[in-house]
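Residues per chain, in single letters:
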Amino acid sequence: MTPTEVAGMKLGNLIIEGKTKQVFDLPSMPGHCILVSKDRITAGDGVKSHELLGKAAISNKTNAKVFEILNQVGIKTAFVKLASENSFIAKKCEMIPIEWVTRRLATGSFLRRNTGVPEGYRFYPPKHETFFKDDANHDPQWSEEQIISAKFKFHGKEIGAVEVDIMQRMSILVFEVLEKAWATRNCALIDMKIEFGVDEKGEILLADIIDSDSWRLWPSGDKRLMVDKQVYRNLSTVTQSDLDTVKRNFEWISEQLQHLTPINDHLIAILMGSPSDKDFCSKIKTACESLGLNVEMRITSAHKGTEETLKIVRYYESLPLKTIFIAVAGRSNGLGPVVSGNSSQPVINCPPVKTDNVGMDVWSSLNVPSGLGCSTVMYPEAAALNAAQMVGLSNYVVWGKLKVKHFNNYVSLKIADKDLQ
Ligand SMILES: Nc1ncnc2c1ncn2[C@@H]1O[C@H](COP(=O)(O)OP(=O)(O)O)[C@@H](O)[C@H]1O
Ligand SMILES: [Mg+2]
């Protein structure tokens, strides 16, 4: 049955229909499409296929949460927003017909193709593999060289060596971010597959969907507790009770995902010795906020108002938050070392040194008395990055934003180099 309207939006042409979804044009939103999920579960390139009532809604909810996380950390995806219980709006893409697989532990088809490797072999960095989407030929594995040699071109974008490298890196990035997110629910992400598309602007985006069909997920890292589609793949005969179990598992995953919101329990307190440091501190604040950090700025001088400085420190220690201090003081930095000597919270010195006094002033931050563990950086961005790395240890969104920053650096260098050729 083909719908003509979803959530009050008129559907345009059916662009494509696959095993589990229909994709429609969305005349009210040019450059976008709507993906409507089906109540159908399939395996073995569609050979095994069952109606599973309610699967579309569960899959749609799972996918939306996963893509919200990926969008939040700054990964470029086609996902825009949920449209209805079983559909979502995405940027309309021409799809690259490759499945990009990333693995943390060896299992499944990898073991069959790599005899001798024991199950559970740990890949670091994650192992990356690519398969050509071709149901009739059982999605054959393709090498990087085969993808490049196919000379794909979508929406004017040629898929060459640079693009393949970038998508491989991005697949690993997506895996690592979701692995960290799932770790907060004590679930081990074992492997996953994703797809990329090219939007009308010629930009490569993570597209298609990510749901329980896309990954292996082992609660407590225990294969016997698996809750993903592998349970369905493993069935030789499929009873209604089996289908109920599969659906319960999918629901459980979707439910767990709704609890994945990271606890917002950190605070970066930027302490400055003088109002004249405000511009410099605003740069730190901006850099912190771009990494998803909560920031407060305070003015206090450890030299001229020591009691007040300590009062401010006690205030932040009293909050039920993980507070990191960034101390900004010109000339002799008494502030950072005094805070560090009187608190167990981390202190990052970021003195606003100028080129003509750097050699002299920086030593007040570096050559501190014994018993002090403050660190020192020279640039506003470095202070923010250092703080984000600390927060990222227990906050997967901030951790993900740092990963994405590294990835973006890698991409811009690669593109700059390509443009130079
Ligand atoms: N953002 C998008 N724009 C256009 N097509 C998309 C988008 N995301 C996914 N598709 C395509 O939708 C089709 C239907 O999905 P699906 O039912 O999973 O197909 P398949 O059985 O080929 O995997 C696939 O061809 C997929 O590549
Ligand atoms: Mg598919």
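Look above for the structure.
Residues numbered from 1 in each chain as written. Chains lettered and ligands numbered in written order. Predicted model: local features only at pLDDT ≥ 70, side-chain atom pairs only at ≥ 80, totals over all residues. Heavy atoms only, no water.

*Asks:* What should I look at first to understand the pattern of salt bridges in this one?
*Replies:* Where side chains of opposite charge bring their charged atoms close, a pairing between them can arise. Summed over all chains, the structure comprises 24 salt bridges. Of the charged contacts in the structure, one is a salt bridge between Glu-289 and Lys-285, with a shortest N-O distance of 3.2 Å. In this pair, Glu-289 and Lys-285 are both assigned in helix 7 (residues 278–290), 4 residues apart and thus about one turn of the helix distant. You can call Lys-285 partly exposed: its relative accessible area is 26%. (Salt bridge = Lys/Arg side-chain N within 4 Å of Asp/Glu carboxyl O. Helix = DSSP H or I, 4+ residues; strand = E, 2+ residues; numbered from the N terminus. Buried < 20%, exposed > 50% of the residue type's maximum accessible area, 1.4 Å probe, protein only.)

*Asks:* What's the story with the site of ligand 1 in this structure? I'm lost.
*Replies:* The environment of ligand 1 is formed by 16 residues, the closest being Lys-19, Thr-20, Lys-21, Lys-91 and Lys-133. Lys-19 has a polar backbone atom sitting 2.8 Å from an oxygen atom of ligand 1. Coverage of ligand 1 by the protein amounts to 88% of the 550 Å² it exposes when considered alone. Looking at the shell around ligand 1, the elements that each hand over two or more residues are strand 4 (21–25), strand 5 (32–37), strand 9 (87–91) and strand 10 (93–95). When its residues are assigned to classes, the shell around ligand 1 shows 7 nonpolar, 2 polar and 7 charged. (Near = heavy atom within 4 Å. Polar contact = N/O pair within 3.5 Å; in protein donor to acceptor, adjacent residues only side chain to side chain. Areas by Shrake-Rupley, 256 points an atom, 1.4 Å probe, with all protein chains shown as cover. Nonpolar A, V, L, I, M, F, W, Y, C, P; charged D, E, K, R; others polar.)

*Asks:* Before we go on, may I ask you to explain the sheet that holds strand 23 (residues 375–376) in this structure?
*Replies:* Sheet strands pair by backbone hydrogen bonding; their relative direction is either parallel or antiparallel. Read from one edge of the open sheet, 5 strands run 20-19-21-22-23, paired in parallel fashion. In this open sheet, the two edge strands, each paired with only one partner strand, are strand 20 (295–299) and strand 23. Taken together, the 3 bridges between strand 21 (residues 322–328) and strand 22 (residues 347–349) define a ladder with parallel strand orientation. Counted as the bridge partner of Ala-327 is Asn-349 from strand 22. (Pairing = 2+ DSSP bridges.)

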